[in-house]
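Each chain, letter by letter, is given below.
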Amino acid sequence: MHAHIYLDESGDLGWQLENGSSRFLTLAAIIIPAHQHHHLERIVRGIYKNRKRPLNNELKSVELSSIERKAFIEGLIKLQSKCLDTQFKAITVNKAKVNIAFQNNPNRLYNYMTKLLLLEVMSRCRTIDFLPDARSIKTSYKHSLHQYLEQMLLEKASLNNLGTPAMLNTSPYDSKSSLGIQAADILASLCWAKHEHNNLTIDALTSCQHKKLFFCSPPEIQFNENIAY
């Protein structure tokens, strides 16, 4: 499959948890066949249309009403029934449990979370247009994320005798120029709000694969989807 993968985050990479930094960080991705990406864009475009708001005046997820959030979820559910290969994925980390090594080098945490979130689905694609939000990734990290994922795909293909790994094209976009990234932004905010504010709107999207990342004392790292925070 030739896939478009849109990635965005919610929360922040700050560590002053008692002084304004978020307690959780979420990355969310929408994976859709390249020839069907316009169906995803149509959902976001509909929000602008209902508000009579021009597309060049970017609408951020924090501005959405509860009615708009529910309508967005309903749109994703309908999209997946139409485009069967579409996937919605998220991963959330409890930042209080992140070890010092990752706190001192947050781009490593971002890369590690992206690998856990996307490596498996990427390995099943033939060609990937990877479209992360440019504002979520510092300029110096854009190439390192691409190289990291490319290396992980190569290793996975080699270990599992999968042949030639997927062709990965990474193109960070400013979200104001991409309705697909704006959709990932809304998805990330809904998944993040479930943990940060106990907002359960995202639970209506039962097909969203939402992983939870847990850290033990360094250097050991544990990944478990079933332990409660």
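Source: prediction; values computed, not measured.

Asks: How should I be thinking about the pattern of salt bridges in this particular structure?
Replies: Note that side chains of opposite charge can pair when their charged atoms are close. The final tally for this structure, using the stated rule, is 8 salt bridges. Among the salt bridges present, the one from R124 reaches E120, with a minimum N-O distance of 3.6 Å. E120 gets classed as partly exposed once you look at its relative accessible area, which sits at 43%. If you follow the salt bridges from partner to partner, you end up with E120, R124 and K156 in one network.

Asks: In this structure, what is going on with the environment of C83? I would like to understand it.
Replies: Within the fold, C83 resides in the loop between α2 (66-82) and β3 (87-94). Between the alpha carbons of C83 and Q36 there is a distance of 7.3 Å; along the sequence they are 47 residues apart. The contacts of C83, once residues within four sequence positions are left out, are Q36 and H39.

Asks: Sorry, what's going on with the environment of K194 here?
Replies: Tracing the backbone through its elements, the reader meets K194 in helix α6 (residues 179-196). Through-space distance from the C-alpha of K194 to that of T92 is 10.0 Å; in sequence the pair is 102 residues apart. Of note is the side chain of K194, whose polar atom sits 2.9 Å from the side chain of D203.

Asks: Would you take a moment to explain the confidence of the model for the chain for this structure?
Replies: Summing up the model confidence of the chain, the mean pLDDT is 88 and the portion of residues at 70 or higher is 90%. Scored below 50 in pLDDT, residues 217-229 shows 30 contacts in the model against residues more than four places distant or in partner chains.

Asks: Is there a simple way to explain unusual backbone geometry in this structure?
Replies: Comment: phi is negative for the bulk of residues other than glycine, and the bulk of peptide bonds are trans. The backbone phi angle of K52 is positive, close to 55°, even though this residue is not glycine. Summarising the element assignment, K52 is placed in the loop between α1 (37-51) and α2. With a phi close to 55°, N198 is a non-glycine residue in the positive phi region. You can see N198 is positioned in the loop between α6 and β6 (209-215). For N198, a relative accessible area of 57% corresponds to the exposed category.

Asks: How should α6 be read in this particular structure?
Replies: Along an α-helix, residues three or four apart share an orientation, since each turn contains 3.6 residues. End to end, α6 covers 25 Å across 18 residues, agreeing with the expected 26 Å (1.5 Å per residue, within 8%). Of all 18 residues making up α6, 17 are buried, and the element is well covered by its neighbours. N198 sits one or two residues past α6 and shows a positive phi near 55°.

Asks: Explain the state of the cysteines here, please?
Replies: One way to say it: the disulfide is the covalent bond shared by the sulfur atoms of two cysteines. This structure, assessed with the given rule, holds 0 disulfides. Free of any disulfide, C191 has its nearest cysteine sulfur in C208, 4.1 Å distant. Overall, C191 belongs to the buried group, its relative accessible area being 0%.

Asks: Got a minute to help me understand helix α4 (residues 106-123) in this structure?
Replies: Taking 1.5 Å per residue, 18 residues should reach 26 Å; α4 reaches 25 Å between its end C-alpha atoms and fits that length. Where α4 bends most, the angle comes to about 40°, and this point is L117. Of all 18 residues making up α4, 13 are buried, and the element is well covered by its neighbours.

Asks: I keep staring at the packing of α2 against α6 and nothing clicks. Help me out?
Replies: Working note: a packed helix pair is described by the angle between its axes plus the distance between those axes. Interaxial distance between α2 and α6 falls to 11 Å at its minimum, and their mutual angle equals 115°. Classified by the angle between their axes, α2 and α6 sit roughly perpendicular to one another. Crossing angle aside, the handedness with which α2 passes α6 is left-handed. In this structure, α2 contributes R69, F72, I73 and L76 to the contact, and α6 contributes A183, I186, L187 and L190. Looking at the contact of α2 with α6, its residues break down into 7 nonpolar, no polar and 1 charged.

Rules used throughout
- Residues numbered from 1 in each chain as written.
- Predicted model: local features only at pLDDT ≥ 70, side-chain atom pairs only at ≥ 80, totals over all residues.
- Heavy atoms only, no water.
- Salt bridge = Lys/Arg side-chain N within 4 Å of Asp/Glu carboxyl O.
- Buried < 20%, exposed > 50% of the residue type's maximum accessible area, 1.4 Å probe, protein only.
- Helix = DSSP H or I, 4+ residues; strand = E, 2+ residues; numbered from the N terminus.
- Contact = heavy atoms within 4.5 Å.
- Polar contact = N/O pair within 3.5 Å; in protein donor to acceptor, adjacent residues only side chain to side chain.
- pLDDT = per-residue confidence, 0-100.
- Expected span 1.5 Å × (residues − 1).
- Disulfide = S-S within 2.5 Å.
- Bend = angle between axes of the 7 residues up to and from the residue.
- Axes fitted to C-alpha atoms, helices over the stretch in contact; angles between N-to-C directions.
- Parallel < 35°, antiparallel > 145°, perpendicular 65-115°, else oblique.
- Left-handed = near helix turned anticlockwise from the far one by under 90°.
- Nonpolar A, V, L, I, M, F, W, Y, C, P; charged D, E, K, R; others polar.

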